[in-house]
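The residues making up each chain are set out below.
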Amino acid sequence: MFESYTYEKILDDMLAKVPNDLDKRQASIIYNALAPAAVELQNMYINLDVVLNETFADTANRENLIKRAAERGIVPYNATNAIVKGEFTPTTLEISIGERFSLGELNYAVTEKISDGIYKLECEELGADANFQFGQLIPIDYIEGLKYAQITEILIPGQDEESTEDFRARYFASLDNQTFGGNVTDYKQKVNELPGVGSVKVYPTWGGGGTVKLVILDSQFQKPSDELINSVQTAIDPVQNQGQGLGIAPIGHVVTVEGVLETVLNITSKFTLQSGFV
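Residues numbered from 1 in each chain as written. Predicted model: local features only at pLDDT ≥ 70, side-chain atom pairs only at ≥ 80, totals over all residues. Heavy atoms only, no water.

Chemist: What is the right way to look at the overall build of the protein in this model?
Modeler: Across its full length, the protein carries six helices and 10 strands. Here the C-alpha atoms of the protein give a radius of gyration of 30 Å, more than 25% beyond the 19 Å that 2.2 N^0.38 yields for 278 residues. A principal-axis box enclosing the C-alpha atoms of the protein has dimensions of 100 × 60 × 55 Å. Every one of the 278 residues in the protein was classed for burial, and the buried ones make up 35%. Of the contacts formed within the protein by residues at least 6 apart in sequence, a portion of 60% connects residues at least 24 apart. Total accessible area on the protein is roughly 17,100 Å²; 53% of this is exposed by carbon and sulfur atoms. Seen as two clouds, the 21 positive and the 39 negative side-chain charges of the protein have centres 6 Å apart. (Helix = DSSP H or I, 4+ residues; strand = E, 2+ residues; numbered from the N terminus. Rg over C-alpha atoms; globule rule 2.2 N^0.38 Å. Buried < 20%, exposed > 50% of the residue type's maximum accessible area, 1.4 Å probe, protein only. Contact = heavy atoms within 4.5 Å. Areas by Shrake-Rupley, 256 points an atom, 1.4 Å probe, with all protein chains shown as cover. Lys, Arg positive; Asp, Glu negative; His and termini not counted. Charge placed at Lys NZ, Arg CZ, Asp CG, Glu CD.)

What follows is the structure, given as structure tokens:
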């Protein structure tokens, strides 16, 4: 908007206001007095352009976009820790809660016993890197009697911090679709904020008035684990107290959380190589 206010133009305008019977040539006293002021005025207009861009959500940098979105109660999704399933041999060995293991460059800590020889572990590093790590776990401290430990399943995928452009798109989406007391948009916003959830489809009144079905994908946009489904169910509408408003869902809403179903597609292709290529 202020691109035309260059040093040369500002200086020319200033010199034009000086009477012509005075010496305005380069290196003259008047020229030397006005030139530094023209530089500072040019810098001021450059900064005004920056201020103008940072005023609007579509051109603001991350820091100022966060400030603008905060006015609507919207904040970036934080990075989360992956929760994984660890299997230990022998199964009769008790692994202490808090015991730490490593796999590659990542460290994990035991958080809960699922059954004999099977435990939940939480990756100590935030982000999605742990979503792709499977295999043998190495104990950081010696565990007497442990023969083998491995990660066999990602229970709740870790998430990276929300990118600036994804956050910007979510801010504008909030202007187009207003959230209110348990409408479809409200459920989408609240469920997508939960750790491990990548997307959700809302089916209102699917089983009659007051019923809601939520079908979710994990943060890797794959079929969610039972652990993630149960976690979302508990956060939204705990099974043991459904419809009582003890979760995120409003009082009177009976919510059922399910995962997407997978379909196997068998694809056959025939390729003909271009002549001269092997």
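Now, onward.
Chemist: Just checking my understanding: could you explain the side chain of Ser102 for this structure?
Modeler: For Ser102, the location among the structural elements is in strand 2 (residues 100-103). The buried category is assigned to Ser102, whose relative accessible area is 18%.

Chemist: Teacher, can you tell me more about the packing of aromatic side chains here?
Modeler: What describes a pair of aromatic rings is the distance from one ring centre to the other and the angle between the planes of the rings. Per the counting criterion, the structure on display carries three aromatic pairs. Among the aromatic side chains, those forming a connected cluster through ring pairs are Phe88, Phe101 and Tyr119. The residue whose ring lies beneath Arg170 is Tyr77, and the NZ or CZ to ring-centre distance is 3.8 Å. (Phe/Tyr/Trp six-rings, centres within 6.5 Å; stacked < 30°, edge-to-face > 60°. Lys NZ or Arg CZ within 6 Å of the ring centre and 35° of its normal.)

Chemist: Can you walk me through the environment of Gly73 in this structure?
Modeler: Among the structural elements, Gly73 can be located in the loop between helix 3 (62-70) and strand 1 (83-89). Along the primary structure Gly73 and Tyr171 are separated by 98 residues, whereas in three dimensions their C-alpha atoms are 9.9 Å apart.

Chemist: For this particular structure, what's the right way to read helix 4 (residues 164-176)?
Modeler: In an α-helix, one full turn covers 3.6 residues, which means residues spaced three or four apart are oriented alike. With 13 residues, helix 4 extends 19 Å from end C-alpha to end C-alpha; this agrees with the ideal 18 Å at 1.5 Å per step. Looking at helix 4, one finds that the buried residues are Phe167, Arg168, Arg170, Tyr171 and Ser174. Here the buried residues of helix 4 occupy an arc of 160° about the axis, which is enough to place them on one side. Summarising the contacts, the buried residues of helix 4 are in contact with helix 3. (Expected span 1.5 Å × (residues − 1). Arc of directions from axis to C-beta.)

Chemist: Looking at this structure, I do not really get the packing of helix 3 against helix 4. What am I missing?
Modeler: Pairs of packed helices are described in terms of their axes, by the angle between the two and the distance that separates them. For the pair helix 3 and helix 4, interaxial distance at closest approach is 11 Å and the crossing angle is 25°. What the angle tells us is that helix 3 and helix 4 run roughly parallel. Here helix 3 runs over helix 4; the crossing is left-handed. Contact with helix 3, carried on its side by Arg62, Leu65, Ile66, Arg68 and Ala69, involves Thr164, Phe167, Arg168 and Tyr171 of helix 4 and no other residues of that element. Partitioning the contact of helix 3 with helix 4 into residue classes produces five nonpolar, one polar and three charged. (Axes fitted to C-alpha atoms, helices over the stretch in contact; angles between N-to-C directions. Parallel < 35°, antiparallel > 145°, perpendicular 65-115°, else oblique. Left-handed = near helix turned anticlockwise from the far one by under 90°. Nonpolar A, V, L, I, M, F, W, Y, C, P; charged D, E, K, R; others polar.)

Chemist: How should I be thinking about the layout of surface pockets in this particular structure?
Modeler: Once rolled over the atoms, a probe with the size of a water molecule shows which space is left empty. Looking at the largest pocket, its volume works out to about 630 Å³. Around the largest pocket, the lining is made up of 23 residues, and of these Tyr77, Glu162, Arg170, Asn192 and Gly198 lie nearest the centre. Going through the elements one at a time, helix 4, helix 5 (184-192) and strand 8 (197-204) are the ones with two or more residues in the lining of the largest pocket. Of the residues that constitute the lining of the largest pocket, the class distribution is six nonpolar, 11 polar and six charged. Looking at the second largest pocket, its volume works out to about 280 Å³. (1 Å grid on protein atoms, 1.4 Å probe; cavity = no way out; pocket = protein on both sides within 12 Å on 5 of 7 lines; lining within 4 Å. Points joined across faces, edges and corners; volume = space filled by probe spheres on them.)

As far as function goes, none of this settles anything; it's purely spatial.
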